[in-house]
Amino acid sequence: MKPVIVIALTLAALPLVSCDKAKELASKASELKEAVETKKAKAEGTLADPELQKLVDQTDEGVMFRSDLPFPTRIDVRTTRKVVLSGRFFQASELGSEAKQVEGIQTTVTKLERAAGAVRYTLLDSGFSKPVVEGAETAPMESAEQPLPAAVNKKPVTFRKVGEKWRTDDKEGFRAVVLSKQLGPVFDDLLIDNSLAARPLWFPQRRIHLGEEMTLTGDTLKMLVAGKAKGTLKLKFEAIEAVEGHPCGVFSVTGDLSRRQFPDFEGNFTDEDMTIESGKLWLSLLYPIVLKEQLDTIQTIKTGGGGNLVARGQGSVKINVVREWTRPEN
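Residues numbered from 1 in each chain as written. Predicted model: local features only at pLDDT ≥ 70, side-chain atom pairs only at ≥ 80, totals over all residues. Heavy atoms only, no water.

### A few points about the overall build of the protein chain
So the rule is basically this: Helix and strand assignments follow DSSP, with helices taken as H or I runs no shorter than four residues and strands as E runs no shorter than two, numbered in order from the N terminus. Exposure is judged per residue with a 1.4 Å probe applied to protein chains only, and the accessible area is read against the type maximum: over 50% gives exposed, under 20% gives buried, and values in between give partly exposed. Any two residues whose heavy atoms approach within 4.5 Å are treated as being in contact.
Secondary structure summary: the protein chain contains four helices and 13 strands in total. Counting over 330 residues, the protein chain shows a buried share of 40%. Excluding contacts between residues fewer than 6 apart, the proportion of contacts in the protein chain whose partners are at least 24 apart in sequence is 60%.

So, in structure tokens, the structure goes:
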């Protein structure tokens, strides 16, 4: 009888062996999947930096969008802005005017450095490319076909705070002096909009849970929009992700927004009326700043001034802005 018992016990153990093997294979597959996802997240910048993650205040009840940390005095921000345009635009300059249908992608890459009462702005790249046709190579950048005022200078410009006013160094030439007069009165709005300064209004100091919705209008628009703005934005807290390693809360956004005479570092001033049909915003969990924007909008735009090309237009505008926000070692 013993052989029969041994055989029976052996047969009974076989499912257990198979089960253990299956668990081992499943565990390895899970580890491999996690490793692939981690590698992908690192490559895309959506994995939080471990040191920054330690500063995140999160519990099962939700997360705090912190505004209590001292805002850094030394900051570098590299911003890549891609705008997909489809609409009718009109341009006017001393050489004449022209109206045309515009289809394409306007790309601008800038670097901003702030330290010890000074801000240095550098235009790294700017251009316009035609839409990509399936099966064809990507169209090259063509700065001559900018539908909106093109950036005029790739030389760095340094602004310094003198008393309560910002101005450029006189030694940097006539262009810099003109920028002082144009941008000095609105420079603080530029700092806020470009994540070089904390927004004056941020989330209430309580935990925000996934799925929570909120509406911004009137003064509360200052949480997201710098300058002279009005409108209504509806937000929903969708997820927690990182932007270039910086932990953020991701919000979906829809609504209507108008802003008047908002500047950029090239001395252009823009009036814009937009309907945000859909979009997402990545808001820092550590400081009152916006680090990424993806918006599908319908806009009416007028931009230019200060001797620059004037343009106005209306149409579909898709906006993608990514700010690589770092605090260099002193």
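### As for the pattern of salt bridges
Stated formally: Any carboxyl oxygen of Asp or Glu that lies within 4 Å of a side-chain nitrogen of Lys or Arg is treated as forming a salt bridge with it.
One pass over the structure, following the stated rule, counts ten salt bridges. Among the salt bridges present, the one from Arg207 reaches Asp57, with a minimum N-O distance of 2.9 Å. Here Arg207 is found in the loop between helix 4 (187-193) and strand 8 (213-217), whereas its partner Asp57 is found in the loop between helix 2 (50-53) and strand 1 (58-59), with 150 residues between them in sequence. Where Arg74 meets Asp76, a salt bridge forms, and the shortest distance between an N and an O atom there is 2.6 Å. Taking relative accessible area as the criterion, Asp76 reaches 13% and is therefore assigned buried. The network of salt bridges with common partners includes Asp193, Arg259 and Glu272.

### Digging into the pairing of strand 9 (residues 228-243)
Using the following cut-off: By definition, two strands form a pair when at least two bridges between them are found by DSSP.
In this structure, strand 8 lies alongside strand 9, joined through five bridges in antiparallel fashion. Looking at strand 9, one finds that Glu213 is bridged to Lys236. Where strand 9 lies against strand 10 (residues 246-263), 15 bridges are found, and the strand directions are antiparallel. Across the sheet, the residue bridging to Ala229 is Arg259, located in strand 10. What sits between the antiparallel neighbours strand 9 and strand 10 is a turn of two residues, in which Glu244 has the positive phi angle 50°.

### With respect to the packing of aromatic side chains
The condition that has to hold: Each aromatic pair joins two rings of Phe, Tyr and Trp (for Trp, the six-membered one) with centres within 6.5 Å, and gets the label stacked for planes under 30 degrees apart, edge-to-face for over 60, and tilted for any other angle. To sit over a ring, a charge needs its Lys NZ or Arg CZ within 6 Å of the ring centre and within 35 degrees of the ring normal.
In total, this model carries 14 aromatic pairs according to the counting rule given. Between the aromatic rings of Tyr121 and Phe265, the centroid separation amounts to 5.1 Å while the plane-to-plane angle is 15°, which identifies the pairing as stacked. Placement of Tyr121 in strand 5 (residues 118-129) and of Phe265 in the loop between strand 10 and strand 11 (269-284) is noted, with a sequence separation of 144 residues between them. Residue Tyr121 shares its accessibility class with Phe265, and that shared class is buried. Clustering of aromatic rings is evident, with ring pairs tying together Phe65, Trp202, Phe203, Phe237 and Phe251. Cation over ring: Arg259 sits above Phe262, and NZ or CZ is 3.9 Å from the ring centre.

### A short note on the nonpolar core
Applicable threshold: Remark: nonpolar core denotes a set of buried residues (Ala, Val, Leu, Ile, Met, Phe, Trp, Tyr, Cys) joined through side-chain atoms within 4.5 Å.
Phe65, Phe159, Phe187, Phe203, Leu224 and Leu283 are the most contacted members of the largest nonpolar core, which totals 66 residues. Residue contacts for Phe159: discarding those within four places in its chain leaves Gly117, Ala118, Val119, Tyr121, Trp166, Arg167, Thr168, Leu179, Leu183, Phe187 and Phe265.

### With respect to the confidence of the model for the protein chain
Convention followed: The predictor reports its confidence for every residue as pLDDT, a score running from 0 up to 100.
Chain-level pLDDT for the protein chain is 83 on average; 75% of the residues reach the 70-or-more range. Contacts of residues 32-43 to residues separated by more than four positions or lying in other chains number four contacts, the stretch itself having pLDDT below 50. In the model, residues 138-144 has pLDDT below 50 throughout and makes 15 contacts with residues more than four positions away in sequence or in other chains.

### A short note on the side chain of Thr122
Tracing the backbone shows Thr122 in strand 5. Not counting chain neighbours up to four residues away, the residues in contact with Thr122 comprise Val109, Thr110, Lys111, Lys154 and Pro156.

### Concerning the environment of Gln261
For Gln261, the position within the fold is in strand 10. Sequence-distant contacts of Gln261, that is, excluding residues within four places in its chain, are made with Phe269, Thr270 and Asp271.

### Notes on the environment of Glu212
Note the cut-off: Think of a polar contact as two N or O atoms within 3.5 Å of one another; within protein, one of them needs to be a possible hydrogen donor and the other a possible acceptor, and neighboring residues in sequence only count if both atoms come from side chains.
For Glu212, the position within the fold is in the loop between helix 4 and strand 8. Take Glu212: its relative accessible area is 10%, and that puts it in the buried class. Sequence separation between Glu212 and Lys236 is 24 residues, and the spatial gap between their C-alpha atoms is 5.7 Å. Contact partners of Glu212, with chain neighbours within four places excluded, come to Arg206, Arg207, Leu235, Lys236 and Phe237. A distance of 2.6 Å separates polar atoms of two side chains, one belonging to Glu212 and the other to Arg206.

### Considerations on the environment of Val322
Mapped onto the fold, Val322 is located in strand 13 (residues 308-326). Sequence separation between Val322 and Trp282 is 40 residues, and the spatial gap between their C-alpha atoms is 9.3 Å. If we ignore the near neighbours within four places in the chain, the residues touching Val322 are Arg78, Thr79, Thr80, Val243, Glu244, Leu291 and Lys292.

### Focus: the pairing of strand 11
One ladder, built from twelve bridges, connects strand 10 with strand 11; its direction is antiparallel. Each residue of the ladder has a partner; that of Val250, found in strand 11, is Trp282. Between strand 10 and strand 11, which follow one another and run antiparallel, lie five residues, and Gly267 among them has a positive phi close to 90°.

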